[in-house]
Amino acid sequence: MIKNIILDMGNVLLTFNPEVPLNQFCRSQEAKNIIRKELFQGPEWVQGDYGTISNKDRYEPVSRRVPEEFHKELLDCVEHWDICMKPVPGALDFCRYAKDNGYRIYVLSNADNTFHDYFPRFAPEEYFNGVMVSSDVHMIKPELRIYEHFLKTYRLKPEECLFIDDREENVAGAKETGINGYVFNGDYEKIKDLLL
């Protein structure tokens, strides 16, 4: 029986779309392509999720791989990439529904140190029964140890948990530790049906 709902953050609670800052700050397609590749798809992005580098410290190493003419656009993207983080339609209503129906709700997210600054755009962290961010614990999904650490921290039984994430590999990792999983596709009504 499901008693606990564990939610990913990116594209489950808050939208994550790098094209938003790229379109906002880059003046050319070339700049967009380079900054997309070197910042959002580069190793520093994962290092940020691990908590081995802060968001502001991404700029210098990434800038070495970006032509100087695009440095101002890169800096804007580093400092303000989170302008894309807005509540996913239906997410807050679902959280209210879950709480009203007696479920405990948690967040388990891969995110850098700025998570705690932008996450309140969705809800105060205290709204949830627990929030675990990869950069705080230096582990990331889909590594099995982060799910195990999560279960131990909040003293949860895996078979009583439903983990919701938009990435199949993260759901697969949760399932390997005995947690029920659901790959989110934007439809919260389907999840409600699962819980009936």
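Please read all numbers here as calculations on a predicted model, not as lab measurements.

A short note on the sheet that holds strand β4 (residues 161-165)
Moving on, step 1. Within the open sheet, the five strands sit side by side as β3-β2-β1-β4-β5. Their pairing is parallel. A strand with exactly one partner marks an edge of an open sheet, and here the two such strands are β3 (130-133) and β5 (180-183). Each neighbouring strand pair of the sheet contributes to a mean axis angle of 20 degrees, computed without reference to strand direction.
Moving on, step 2. Summarising the sheet, strand β1 (residues 4-7) and strand β2 (residues 104-109) pair through four bridges and their orientation is parallel. Within β2, the residue paired with Ile-5 across the bridge is Ile-105.

Looking at the packing of helix α2 (residues 29-40) against helix α5 (residues 71-80)
Moving on, step 1. Where α2 contacts α5, the axes come no closer than 11 Å and their chain directions differ by 50 degrees. In terms of axis orientation, α2 runs oblique to α5. Crossing handedness for the pair α2 and α5: right-handed. Together, Ala-31, Ile-35 and Leu-39 of α2 and Glu-73, Leu-74, Cys-77 and Val-78 of α5 make up the contact between the two elements.
Moving on, step 2. Its residues assigned to classes, the contact of α2 with α5 shows six nonpolar, no polar and one charged.

Considering the pairing of β5
Moving on, step 1. As paired strands, β4 and β5 are joined by four bridges and run parallel to one another. From the neighbouring strand, Asp-165 faces β5, where its bridge partner is Val-183.
Moving on, step 2. The parallel pair β4 and β5, bridged by helix α10 (residues 168-176), forms a crossover whose chirality is right-handed.

Considering the nonpolar core
Moving on, step 1. Ranked by internal contacts, the top residues of the largest apolar core, which has 47 residues, are Leu-7, Leu-13, Phe-128, Ile-164 and Tyr-188.
Moving on, step 2. Discounting chain neighbours no more than four positions away, the residues touching Ile-164 are Ile-5, Ile-6, Leu-7, Asp-8, Val-12, Phe-94, Tyr-182, Phe-184 and Ile-191.
Moving on, step 3. Ranked by size, the runner-up nonpolar core spans 15 residues in total, among them Ile-6, Phe-150, Leu-151 and Leu-156.

Calculation notes
Residues numbered from 1 in each chain as written. Predicted model: local features only at pLDDT ≥ 70, side-chain atom pairs only at ≥ 80, totals over all residues. Heavy atoms only, no water. Pairing = 2+ DSSP bridges. Helix = DSSP H or I, 4+ residues; strand = E, 2+ residues; numbered from the N terminus. Axes fitted to C-alpha atoms, helices over the stretch in contact; angles between N-to-C directions. Parallel < 35°, antiparallel > 145°, perpendicular 65-115°, else oblique. Left-handed = near helix turned anticlockwise from the far one by under 90°. Contact = heavy atoms within 4.5 Å. Nonpolar A, V, L, I, M, F, W, Y, C, P; charged D, E, K, R; others polar. Right-handed = clockwise from strand over helix to strand, strands pointing away. Core = buried A, V, L, I, M, F, W, Y, C linked by side-chain atoms within 4.5 Å. Buried < 20%, exposed > 50% of the residue type's maximum accessible area, 1.4 Å probe, protein only.

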